[in-house]
Structure formats: structure tokens, C-alpha cells
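# Structural overview
Given next are the chains, with one letter for each unit.
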Amino acid sequence: MYKLLRAMLFRLDAETSHRLAFAALDLLHRLPGASRIARAICSRNAPSLPVSVMGLTFPNPVGLAAGLDKNAEHIQPLSDFGFGFLEVGTVTPRPQPGNPRPRLFRLARHAAIVNRMGFNNVGVYRLITNLVRQGKPCPVGINIGKNRDTPAERSVDDYLSALQAVYAHADYVAVNVSSPNTPGLRDLQNEQDLDALLRALKAEQAVLAEKHGRYVPIALKIAPDLDDAQIAAIAGRVLEHHFDAVIATNTTVTRPGLAQEPLAAQAGGLSGRPLKTLSTEIIRKLHAHLRGRVPIIGVGGVESAGDAWEKLLAGADLIQIYTGFIYEGPRLVREIVRGLAERVAAAGCRDLPEAVARARNSAPAASVIEGIS
Ligand SMILES: Cc1cc2nc3c(=O)[nH]c(=O)nc-3n(C[C@H](O)[C@H](O)[C@H](O)COP(=O)(O)O)c2cc1C
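## What to know about the environment of Leu226
Positionally, Leu226 belongs in the loop between strand 9 (218-222) and helix 8 (228-240). On the accessibility criterion, Leu226 (12% relative accessible area) is buried. Separated by 56 residues in the primary sequence, Leu226 and Ile282 have C-alpha atoms spaced 8.0 Å apart.

## A short note on the confidence of the model for the chain
Mean pLDDT over the chain: 92, with 95% of residues reaching 70 or higher. Predicted confidence is poor over residues 365-373, with pLDDT under 50, and the contacts of this stretch with residues over four places away or in other chains come to 15 contacts.

## A look at helix 7 (residues 191-212)
For the α-helix, the turn length of 3.6 residues means that residues three or four positions removed from each other point alike. When the terminal C-alpha atoms of helix 7 are compared, their 31 Å separation across 22 residues agrees well with the 32 Å that a helix rising 1.5 Å per residue should span. For helix 7, the set of buried residues is Leu194, Asp195, Leu197, Leu198, Leu201, Lys202, Glu204, Gln205, Leu208 and Ala209. On the buried face of helix 7, the contacting elements are helix 6 (155-166), strand 8 (172-176), strand 9 and helix 8. Positive backbone phi, approximately 65°, marks Gly213, located one or two places after helix 7.

## With respect to helix 6
Counted at 1.5 Å a residue, the expected span for helix 6 with its twelve residues is 16 Å, and the 17 Å between its end C-alpha atoms agrees. Looking only at helix 6, the buried set comprises Ser155, Asp158, Tyr159, Leu160, Ala162, Leu163, Ala165 and Val166. In the core, the buried residues of helix 6 are packed alongside helix 5 (124-134), strand 7 (140-144), strand 8, helix 7 and strand 9.

## Points about the pairing of strand 6 (residues 112-115)
Residues Ala112 and Val114 point to one face of strand 6 and Ile113 and Asn115 to the other, with burial holding for every one of them. As paired strands, strand 5 (residues 104-107) and strand 6 are joined by four bridges and run antiparallel to one another. Within the sheet, the bridge partner assigned to Phe105 lies in strand 6 and is Val114. The hairpin turn running from strand 5 into strand 6, its antiparallel successor, is four residues long, and Ala111 in that turn takes a positive phi close to 50°. Pairing analysis gives four bridges linking strand 6 to strand 11 (residues 269-272), with the strands arranged antiparallel. Across the sheet, Val114 pairs through a bridge with Leu270, a residue of strand 11.

## Remarks on the sheet that holds strand 12 (residues 296-299)
If you trace the eight strands once around the closed barrel, you get 3-4-7-8-9-10-12-13, paired in parallel fashion. Strand-to-strand twist of the sheet, defined as the mean angle between neighbouring strand axes without regard to direction, takes the value 25°. By the bridge criterion, four bridges tie strand 7 to strand 8 in an arrangement that is parallel. Following the sheet pairing, Asn143 is matched in strand 8 by Ala174. Packed onto the sheet, helix 6 meets strand 7, strand 8 and strand 9 and runs at close to 155° relative to strand 7.

## Concerning the sheet that holds strand 5
Judged by pairing direction, the sheet is antiparallel, and its three strands sit side by side in the order 5-6-11 without closing on themselves. Edge positions in the open sheet fall to strand 5 and strand 11, since each of these has one partner strand only. The mean angle between the axes of side-by-side strands here comes to 20°, regardless of whether they run parallel or antiparallel.

## Brief notes about the site of the ligand
Not every one of the 24 residues close to the ligand is listed here, only the nearest: Ala66, Thr90, Gly272, Gly301 and Thr323. Between Lys70 and the ligand, the recorded distance is 2.9 Å, taken from a side-chain N or O atom to an oxygen atom. A distance of 2.7 Å separates a nitrogen atom of the ligand from a polar side-chain atom of Thr90. Surface burial for the ligand is 98%, taken as the share of its 610 Å² of free accessible area covered by protein chains.

## Points about the nonpolar core
Formed by 105 residues in total, the largest nonpolar core has its most connected members in Ile144, Leu220 and Ile321. Top element by residues in this core is helix 12 (residues 331-346). It accounts for seven residues. Sequence-distant contacts of Ile321, defined by excluding residues within four places in its chain, comprise Val62, Gly63, Leu64, Ala65, Phe83, Val302, Leu332, Val333 and Ile336. Phe105, Val114, Leu258 and Ala264 belong to the second-largest nonpolar core, a separate cluster that totals seven residues.

## A word on the pattern of salt bridges
Following the criterion strictly, the structure yields 20 salt bridges and no others. Across the salt bridge formed by Glu335 and Arg331, the nearest N and O atoms sit 2.1 Å from each other. With Glu335 and Arg331 both in helix 12, this residue pair falls four residues apart, about one helical turn. We classify Glu335 as partly exposed; its relative accessible area is 32%. A relative accessible area of 34% places Arg331 in the partly exposed class. One salt-bridge network, in which partners are shared between bridges, spans Glu191, Asp195, Arg199, Arg237 and Glu240.

Analysis parameters
Residues numbered from 1 in each chain as written. Predicted model: local features only at pLDDT ≥ 70, side-chain atom pairs only at ≥ 80, totals over all residues. Heavy atoms only, no water. Helix = DSSP H or I, 4+ residues; strand = E, 2+ residues; numbered from the N terminus. Buried < 20%, exposed > 50% of the residue type's maximum accessible area, 1.4 Å probe, protein only. pLDDT = per-residue confidence, 0-100. Contact = heavy atoms within 4.5 Å. Expected span 1.5 Å × (residues − 1). Pairing = 2+ DSSP bridges. Axes fitted to C-alpha atoms, helices over the stretch in contact; angles between N-to-C directions. Near = heavy atom within 4 Å. Polar contact = N/O pair within 3.5 Å; in protein donor to acceptor, adjacent residues only side chain to side chain. Areas by Shrake-Rupley, 256 points an atom, 1.4 Å probe, with all protein chains shown as cover. Core = buried A, V, L, I, M, F, W, Y, C linked by side-chain atoms within 4.5 Å. Salt bridge = Lys/Arg side-chain N within 4 Å of Asp/Glu carboxyl O.

What follows is the structure, encoded as C-alpha cells:
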């Protein structure tokens, strides 16, 4: 069914088909009983696989990555697909149009996307209105960024004002310093700038926790285009400031294995299958520094339960998907949850963290469990 729909949608320009798909989804969702039917189909044979990370309990470890529902307009229909959590945004303090079109390109032969959207979004206040109107059927993270026209030296102010605005409405907040499509944004990953940003955010988090009587964890979203020294420096700052999680990774500016692909020459961040190994290696290296003291949300090129398992073994505690969801459709969520649950059962473990810990500690046992599709 999704394959047929996809064949039709993929004939259109990528952004138009995205809009059409969401319009249809919203319409369907409003039909009486449709949401119940969608939930029943998507949760069919999908076991519950709860995990606790950042002090939050997620019904399963498979989340939607930031950027698909930038303005929190489709929370309810997206949750029907059985995601364990949704991350909305990136949202900036003020609305902004993003880059001129075209800015989204499908590299279908490689199950990949290049995008240079540039944080097109309705601004933090309208996002909150959308979120409040829809409610939160599952944990919702809000991903924040800086406005393009905010000068680099005022970046911290943008993150602070966005944090203040979204704090009371988020289950966690993700701090995006890794989009390649906002000039200078990735420089915030440099040790000195990152130190100042994390310090300011943690101080504000303490104030807001006191004010609202609730501690909302903050995760840092990093790029895949980092060398070993940069990864070590980021891990050091995250540990020093007791950041609550790291999301690894955003899209890459490199083009691994895409020399023959004309659309790979488009400027922007690459996601999907060609990003998978790169992001898994970042997770592995990050985990070697963090050693479980700070959780990792693994994202980049996940299109099967095997890919998700690989990221968990490399050090991730939760998984997110975006491009795989576009190519494979909603069934991917259930397929990953089911595949992970099978691995837990095959290992005779109580829950996913126990199965992952056991597999990380014993390579031969891991390869047996990996044999499950
Ligand atoms: C069209 C598009 C828009 C995106 N927008 C954002 C964004 O606004 N904020 C963000 O943190 N990541 C954004 N991302 C990155 C994804 O959240 C994710 O980190 C990346 O695509 C890797 O995962 P994937 O290979 O499963 O797509 C975007 C990705 C795509 C394809």
C-alpha cells in the first residue's frame, strides 16, 4: 500500500509530495475511527518494549528524528504509527522562511536525501500553540536552533530564549548545533563556544526547573563530520556540564559512495543509507568516552531492525529515524520494534537494555542475536 502511494508521491517534487502526504494524513486522521484503525494496524504484532532514558519512560526506543514535523503540526497522526517518541522542530525563536526552493532532493537509488531546508519554521510561539492544541500522545522532544539572521556572537541568546519558551511543553529539549544549512551553526561545536553554550543552558535549566517544578532533560545534537579530537572535546564538555543526552547524528556534508550520483552535488546535508556507517562510528567513539554516563540517541541511516541493533550495540540507548521512514513508510516503526523485541527474547533477557548490555559484553553471543532479521 505504502509502496503504491510512494510511487505516486515520488513523481512529484520532493517538498510538494511531503506537503501532500501530510495533508492526506491529517485529513485521514480526522475521519471518525481512522486514528483507532491506524493504531490497531500499526501496533499489530508490535510488542511493548519500554525503555527508561534521561529519567523518562518511552513505550519503545524508536523515535521520529527532528525535521519532519518542524512545527509540531502532525503529532497525533504521527503517533498513530507507533513511535516511542517524536522530536519536533528545529524551531527558532522567530519564524523564518528557510532557504529558497528547491532545497530537498531524493537520491532514491541510494535511499538517501540531500536537504538544505535552512530551518524553515513558524517560530517558537506558534509551535507551542500547535503542540498544546494537539496534546502529547507519547513523549515529545522539542529541537531548538538559532535564527539565521542572529549574529554568531548572540547565538547563546537565541538558544536561551527558545529554551525558556519551550521548557514547560517539552519532555526533553534537543539543542541543534549541527545543521549544515545555517551558516556558522556547526562552529558552536568547537570546544570554547560549546563550553559557553552548555554552561548557559544548564544554568537556565536549573532556573526553569525551579520555576516549573519539573526537570526537563536537555540533549545536544551533533554532526557526523567530526574528527576524533572534536568528539573527545564534545564528550568532555557534555560530561563536565552534566548534559542529559547526546543525539548522534545530524546529516553529513560528505558524500560517501555517491561519486556517480548527480544529485549528490547539491549543497546541503546528506541523510539515509550512505550516512549509516558514519553515524554509527561517531556513536561508537562517543560511547567510548561517555561509557554510559550520558545516554546517546542514535540516528542516521536506520532502515531495519538490524541497523537499529547495530546502533544500540555501538552505544545508543534510543534510536531515531527520518529518511528510512520516508522510503519504507510507517511499517518501519513496527518492524524495528518487533525485531528488537525478538532479540530480547532470543537472549532470554528481561528488557532491551539488558539484552544490549549482554550483547555488548560478548561479541560471539551478539553475532548469534544479530542473525535474527
Ligand atoms: C529534510 C530533512 C530535514 C531535516 N531537518 C532537521 C532539523 O530541522 N533539525 C535537526 O536537528 N535535524 C534535521 N534533520 C536531520 C534528521 O533529524 C536526522 O538527524 C538525519 O536525517 C539522519 O537520520 P536519517 O538518516 O534517518 O534521516 C533533517 C533531515 C532531513 C532529511
